[in-house]
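What the coordinates show
Spelled out from the first residue to the last, the chains are:
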Amino acid sequence: AAQNISPEISLDGTYTLYVRCRDANGNVNEDEYAIRFCVEKGPDTTPPVIEGTSISNGMPVSFNTNDTDLEVYVNEPATCKWSHLDKSYKDMENNMTCPEKVTEINAQMLYACTTILNGLKSETENRFYFRCKDQPCINGMTCKINESDRNINAESYKFSLLGTRSLIISKVMPNDTVKDSTEAVKVTLEAETREGYKDGEAICEYSDTGRENSYIQFYNTNSYTHSQDLWLPEGSYIYYIKCIDLGGN
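Presented here is a report on the structure given in the accompanying data block. (Residues numbered from 1 in each chain as written. Predicted model: local features only at pLDDT ≥ 70, side-chain atom pairs only at ≥ 80, totals over all residues. Heavy atoms only, no water.)

**Describing the sheet that holds strand β6 (residues 78-83)**
Note the cut-off: When DSSP finds two or more bridges between two strands, those strands count as paired. Numbering of helices and strands runs from the N terminus; a helix is a DSSP stretch of H or I covering at least four residues, while a strand is a stretch of E covering at least two.
Pairing is mixed across the open sheet formed by five strands, whose spatial order is β4-β10-β9-β6-β7. Only two strands of the sheet have a single neighbouring strand rather than two, namely β4 (60-61) and β7 (94-95). Relative to strand β10 (residues 157-163), β4 runs parallel, the two sharing two bridges. Bridging across to β10, Pro60 finds its partner in Leu162.

Take a look at the structure:
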């Protein structure tokens, strides 16, 4: 596939490509930039490597989430599948949409295969298994690769998402009159959270209007207890509190 867009490169040897660049003002690098690399003689006997995923492995997802989009990053063009069970590539039920051309590489020099993971359940660990096969045939072109020569992952890439419970704000304070002898009275807003992810570990914010984009993060938060000191003149106040955990609850 590379022959259509670059100088001819054979299956064996060391090569050097020279690069010059010009910016919008017409400046050109006087000394060429050399890129030197070697190509193994072959044949290709290495299966694709899954380098990572768009969602970190083991991350929580919000309560009652049934499915989620996912990208799987592979080190070479491939066809990939996934299953809820650890099966061989041919027995996996779910196909992924993968780039076919070497030019469809992302900024991390990887190929992004996309899918929708379904069957997610709350309050449990949802396990998924991925396998890939290299040297895909490009649509509309005659495939020159024998199917038996394509390399397949012998082991699955294991991936999981943690189903969570709904996050609950179980307590807020104060809910009464705060008194002091000073003109501005120190008032400590407090909140407690439970359930959700990690038994209520969350980040909380407060607002005196409740309008979107008016919320301010508590000074002490990212736990299941949250607090913020305020100095307020005499009067009656209503504050709005909202919290979110790592799973998005």
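What follows picks up the thread again.
**Comments concerning the sheet that holds strand β16 (residues 240-244)**
The strand order across the open sheet built from three strands is β14-β13-β16, with neighbouring strands paired in antiparallel fashion. Of all the strands in the sheet, the pair left with one neighbour each is β14 (216-217) and β16.

**What to know about the pattern of salt bridges**
Applied cut-off: By definition here, a salt bridge exists when the distance from a side-chain nitrogen of Lys or Arg to a carboxyl oxygen of Asp or Glu is within 4 Å. Only protein chains enter the accessibility calculation, which uses a 1.4 Å probe. A residue is then buried if its area is under 20% of the maximum for its type, exposed if over 50%, and partly exposed in between.
Under the criterion given, the structure shown has twelve salt bridges. For the salt bridge of Arg131 with Asp86, the shortest nitrogen-to-oxygen distance reads 3.2 Å. Residue Arg131 is found in strand β9 (residues 125-134), and its partner Asp86 is found in the loop between β6 and β7; the two are separated by 45 residues along the sequence. The class of Asp86 is partly exposed, set by a relative accessible area of 43%. Here Glu125 and Arg127 are joined by a salt bridge, their closest N and O atoms 3.2 Å apart. Classification of Glu125 by relative accessible area gives partly exposed; the value is 36%. What makes Arg127 partly exposed here is its relative accessible area of 47%.

**Thoughts on the layout of surface pockets**
Which parts of space are left empty comes out when a probe the size of a water molecule is rolled across the atoms. Operational definition: Cavities and pockets were defined on a 1 Å grid built over protein atoms only: a cavity is a set of grid points that admits a 1.4 Å probe from which the probe cannot escape, a pocket is an open set flanked by protein on both sides within 12 Å along at least five of seven lines, and lining residues are those with an atom within 4 Å of any such point. Grid points are joined across faces, edges and corners, and a volume is the space filled by probe spheres set on the points. Gly is put with the polar residues, along with every residue not named as nonpolar or charged; the nonpolar set is Ala, Val, Leu, Ile, Met, Phe, Trp, Tyr, Cys and Pro, and the charged set is Asp, Glu, Lys and Arg.
If you add up the space inside the second largest pocket, you get close to 510 Å³. Along the walls of the second largest pocket sit 22 residues, with Asp176, Val178, Val187, Gly235 and Tyr237 positioned nearest its centre. No other element matches the three residues that strand β12 (residues 185-195) contributes to the lining of the second largest pocket. Counted by class, the lining of the second largest pocket contains 13 nonpolar, five polar and four charged residues.

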